[in-house]
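Now for the letters of each chain:
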Amino acid sequence: MEVRRVLSVALAVVVGATALTACASDPAPTDVAVAWAPKGRAAVLVTWKDTAQPNRITIEGVLSESPSYLKYIQAGEPNQWEIPTSAFPADGNYKVAVATGTSQGGVTSKLAKSPVFDTDGPVRPSAAAVAPQGRGVLIRWSVPVAPQDFTPNDPLDVKGKKTQRYVPMIGRPGQMLKAIGPATTSNRQLIKSIKPPYVFELRTQNEWSTQIGGQVLGLTSSINAAVPPLAQFSVPIRVRGRVILHQVGCELETPCTSQRATPAGVPVEVLTQVTPGARWTPAARGATTAGGYYDIGVPTGGSRPYKITVPVYSKGGLIAGTSSSRPAYTKSVVRVASAGFAGGDTAKKAGSMVSISATVKPALNTTVMLQAWNRQTRKWANLKAMAMRQGQTALAFKAGQPGDFVYRFVIPGAMMFGRPMDGITTGGLQLHIR
């Protein structure tokens, strides 16, 4: 039994050696070389030398998986062949192997191989920035340093710094991402006329493959606002609302879509018209917080309209178009700065002097009415019309019979900057006479 196993192994070795000798009986091709084909690096030209034999061409990976490429050249045909670059996977190291053989008879020689070369693709732009320029935008991008070349000076290396090109592409909602200009080696692109929403991307390409990068978002915005209808003169109001940005998202094989975003940090500006028909001027500025919300304190003056706007702004790789809320009118009300009795003394002896005064903002010149509460009729009764100068009025009188009394000032409305301002009535001012 043991003798039979040894004899079988020996026969197998002899048969295997005979088969190997038969497969490699023809001379191998020599001087296998690779170079770029003449027309624009669309293919790799493989050349070799042999004696008018049929040949088989394959691609071998060097620490990379070998692609499934196979080509047979008949005997007597030129010793060259163009392999399209699409047959080589990107970002790998390869050799082209040429042997003598046919599709029916198989390989009949050893493999002859070209020098190793890489198929490193382009370096993707790492960042892009955008800025308004006239009616369009200027887009700049930066590209990282290329990674280390592990096959320096290989036969297919393209010399020079600008070995990759950038194709500017634009995508809009419902449309495919498409090129808007020829490939360039520049790191900037001026688009003379464009309106958001859109997405700008670069199709970066070299002789081996294409990468997408360098994205810029052109956004539209919408804003809503809540503006108080009344405001005391010179007391800030709070304007609140939300900003929603509309951006574009694109996939290579499907139409682009519109998407909503509510980021923090979007600038918001409050505009006002100081006088009727005047130009809109800034009254306050702020920015959105998380969720797109804003809450801005706005100084007040006379009655006037306000509208809230998102100005055109750019930040890094995005640019947002302007939008405004509808104007909302805030009517100003005269503000009572102080009202009461001199020294704050609300208790007086009968027959002593009492001084009552009021100060308002703005500093009006008008006539105000001092009123007293009538306990019998349960109504306010006019006591005296008093002149107010520079927003101040005062009256001194002698305290009469003992009792509790309540006074108030009625300040009329006024015109300011061509618009009406509401008047105001002070709270009750209580006086005890003993």
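Residues numbered from 1 in each chain as written. Predicted model: local features only at pLDDT ≥ 70, side-chain atom pairs only at ≥ 80, totals over all residues. Heavy atoms only, no water.

You'll find the protein chain entered in an unreviewed UniProt entry as Fibronectin type-III domain-containing protein, with Kribbella kalugense given as the organism.

Ordered in space as S1-S2-S5, the three strands form an open sheet in which the pairing is antiparallel. The open sheet has two free edges, formed respectively by strand S1 (30-36) and strand S5 (80-84), since each of these has just one partner strand. Neighbour-to-neighbour, the strand axes of this sheet turn through a mean angle of 20°, independent of strand direction. By the bridge criterion, five bridges tie strand S2 (residues 43-49) to S5 in an arrangement that is antiparallel. Residue pairing for S5: Val44 is matched across the bridge by Ile83. (Pairing = 2+ DSSP bridges. Helix = DSSP H or I, 4+ residues; strand = E, 2+ residues; numbered from the N terminus. Axes fitted to C-alpha atoms, helices over the stretch in contact; angles between N-to-C directions.)

This structure, assessed with the given rule, holds seven salt bridges. Glu269 is the partner of Arg285 in a salt bridge, and the nearest nitrogen-oxygen pair spans 2.8 Å. Within this pair, whereas Arg285 is found in strand S21 (residues 281-287), its partner Glu269 is found in strand S20 (residues 267-272), the two being separated by 16 residues in sequence. Linked through salt bridges whose partners overlap, the residues forming this network are Arg238, Arg240 and Asp295. (Salt bridge = Lys/Arg side-chain N within 4 Å of Asp/Glu carboxyl O.)

Attention shifts here to the pairing of strand S34 (residues 403-411). The pairing of strand S31 (residues 366-374) with S34 spans four bridges and is antiparallel. Looking at the pairing, Ala372 lines up with Tyr407 of S34. Pairing geometry for S34 and strand S38 (residues 429-433), over five bridges, is antiparallel. Note that in S38 the partner of Tyr407 across the bridge is Leu429. In this structure, S34 lies alongside strand S37 (residues 424-425), joined through two bridges in antiparallel fashion. Looking across to S37, one finds that Ile411 is bridged to Ile424.

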